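One-letter residues, chain by chain:
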Amino acid sequence: MTYDDTATGAANEELATRLASDRQNWKEKISNLVSLLKNMNNLSECQVTMLSYRQILLDKITDFKTTKQKRQAAYDRYYKIKYREYSIDYDVKLTSGEKVAFIKADLSNLRTQMEMLQSHIDYYQECMKTCDNLAFAIRNRIRLDDEQQ
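Remember, it's a predicted structure, so these values are computed and weren't measured experimentally.

The rules behind the values
- Residues numbered from 1 in each chain as written.
- Predicted model: local features only at pLDDT ≥ 70, side-chain atom pairs only at ≥ 80, totals over all residues.
- Heavy atoms only, no water.
- Helix = DSSP H or I, 4+ residues; strand = E, 2+ residues; numbered from the N terminus.
- Areas by Shrake-Rupley, 256 points an atom, 1.4 Å probe, with all protein chains shown as cover.
- Lys, Arg positive; Asp, Glu negative; His and termini not counted.
- Charge placed at Lys NZ, Arg CZ, Asp CG, Glu CD.
- Phe/Tyr/Trp six-rings, centres within 6.5 Å; stacked < 30°, edge-to-face > 60°.
- Buried < 20%, exposed > 50% of the residue type's maximum accessible area, 1.4 Å probe, protein only.
- Axes fitted to C-alpha atoms, helices over the stretch in contact; angles between N-to-C directions.
- Parallel < 35°, antiparallel > 145°, perpendicular 65-115°, else oblique.
- Left-handed = near helix turned anticlockwise from the far one by under 90°.
- Contact = heavy atoms within 4.5 Å.
- Nonpolar A, V, L, I, M, F, W, Y, C, P; charged D, E, K, R; others polar.
- 1 Å grid on protein atoms, 1.4 Å probe; cavity = no way out; pocket = protein on both sides within 12 Å on 5 of 7 lines; lining within 4 Å.
- Points joined across faces, edges and corners; volume = space filled by probe spheres on them.
- Disulfide = S-S within 2.5 Å.
- Patch = residues over 30% accessible without salt bridge, like charges linked within 9 Å, V, L, I, M, F, W, Y side chains within 5 Å.
- Salt bridge = Lys/Arg side-chain N within 4 Å of Asp/Glu carboxyl O.
- Polar contact = N/O pair within 3.5 Å; in protein donor to acceptor, adjacent residues only side chain to side chain.

A separate point is the overall build of the chain. When its secondary structure is counted, the chain shows 4 helices and 0 strands. In sequence order, the secondary structure elements of the chain are arranged as α-α-α-α. Each of the three principal axes of the chain carries a C-alpha extent, and together these read 85 × 25 × 20 Å. Summed over all atoms, the accessible surface of the chain reaches about 9,600 Å², with 50% contributed by carbon and sulfur. Of the side chains in the chain, 23 bear a positive and 22 a negative charge, and the two mean positions are spaced by 4 Å.

Before going further, it helps to examine the packing of aromatic side chains. In total, this model carries 6 aromatic pairs according to the counting rule given. Residues Trp26 and Tyr53 carry aromatic rings whose centres are separated by 5.3 Å and whose planes lie at 80° to one another, so their mutual orientation is edge-to-face. A residue pair is termed long-range when its members are at least 10 positions apart, and Trp26 in helix H1 (residues 5-36) and Tyr53 in helix H2 (residues 43-89) qualify at 27 residues. Ring centres 5.1 Å apart and planes at 75° place the aromatic pair Tyr86 and Tyr90 in the edge-to-face group. Tyr86 sits in the buried class, given a relative accessible area of 8%. Counting every residue linked through ring pairs, the aromatic cluster contains Tyr86, Tyr90 and Phe102.

Here the focus is the packing of H2 against helix H3 (residues 96-106). Between H2 and H3, whose axes approach to 10 Å, the crossing angle comes to 135°. On the basis of the axis angle, H2 is oblique to H3. In the crossing of H2 with H3, the sense of the turn from one axis to the other is right-handed. Two secondary-structure elements touch here, H2 through Tyr75, Tyr79, Lys82, Tyr83, Tyr86 and Ser87 and H3 through Ser96, Lys99, Val100, Phe102, Ile103, Lys104 and Asp106. Considered class by class, the residues forming the contact of H2 with H3 number 7 nonpolar, 2 polar and 4 charged.

A few words on the layout of surface pockets. When its volume is computed, the largest pocket comes out at roughly 180 Å³. In terms of lining residues, the largest pocket is bounded by Ala11, Glu14, Leu15, Arg18, Leu19, Asp22, Asp63, Phe64, Thr67, Arg71, Gln113 and Leu117. Counting only elements with at least two residues in the lining of the largest pocket, the list comes to H1, H2 and helix H4 (108-148). A per-element tally of the lining of the largest pocket places H1 first, with 6 residues. Of the residues in the lining of the largest pocket, the class split is 5 nonpolar, 2 polar and 5 charged.

What follows concerns the state of the cysteines. Tallied over the entire structure, the rule returns 0 disulfides. For the unlinked cysteine Cys127, the closest cysteine sulfur is that of Cys131, found at 7.0 Å.

On the surface, Tyr90, Val92 and Phe102 cluster together into a nonpolar patch covering about 250 Å² of accessible area. Looking at the element boundaries, Val92 is found in the loop between H2 and H3.

It is worth spelling out the side chain of Gln113 at this point. Looking at the secondary structure, you find Gln113 in helix H4. Looking at Gln113, the relative accessible area reads 6%, which means it is buried. One polar contact links Gln113 to Asn12, side chain to side chain, over a distance of 3.0 Å. Residues within four places of Gln113 in sequence aside, it is in contact with Thr8, Ala11, Asn12, Leu15 and Arg71.

Everything listed is a geometric property; what it means functionally is a separate question.
See the structure below:
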């Protein structure tokens, strides 16, 4: 089993592009939901859509966590392989700290992937919090409307 750093670097660029596009998509969805709060006639649509988005986000978080765990397992396997390589097959005797530094450099693209995935998981969780806050905003909007009547 070998680790192709060049392919992983290209994969990181593609992943970054896909994640940026997804963030933009969710930014627009959430903004549209917020704009629905302006009109009382749209509150039921807003509430249904918000609940739907919340479930979609929950599913996406689960998928991303699974993907991140798979990347972590791959990282751990490659780390072990690289450690053996630098301990046994490398021409120069390295200290433990040097081995760790070399391995971290070798696997930096994979580590970057895991960090991007975690960042996106955090983004989804913040979107879920926004949806939860929208539920309170809807309730408060209804209460205000009832008080004004």
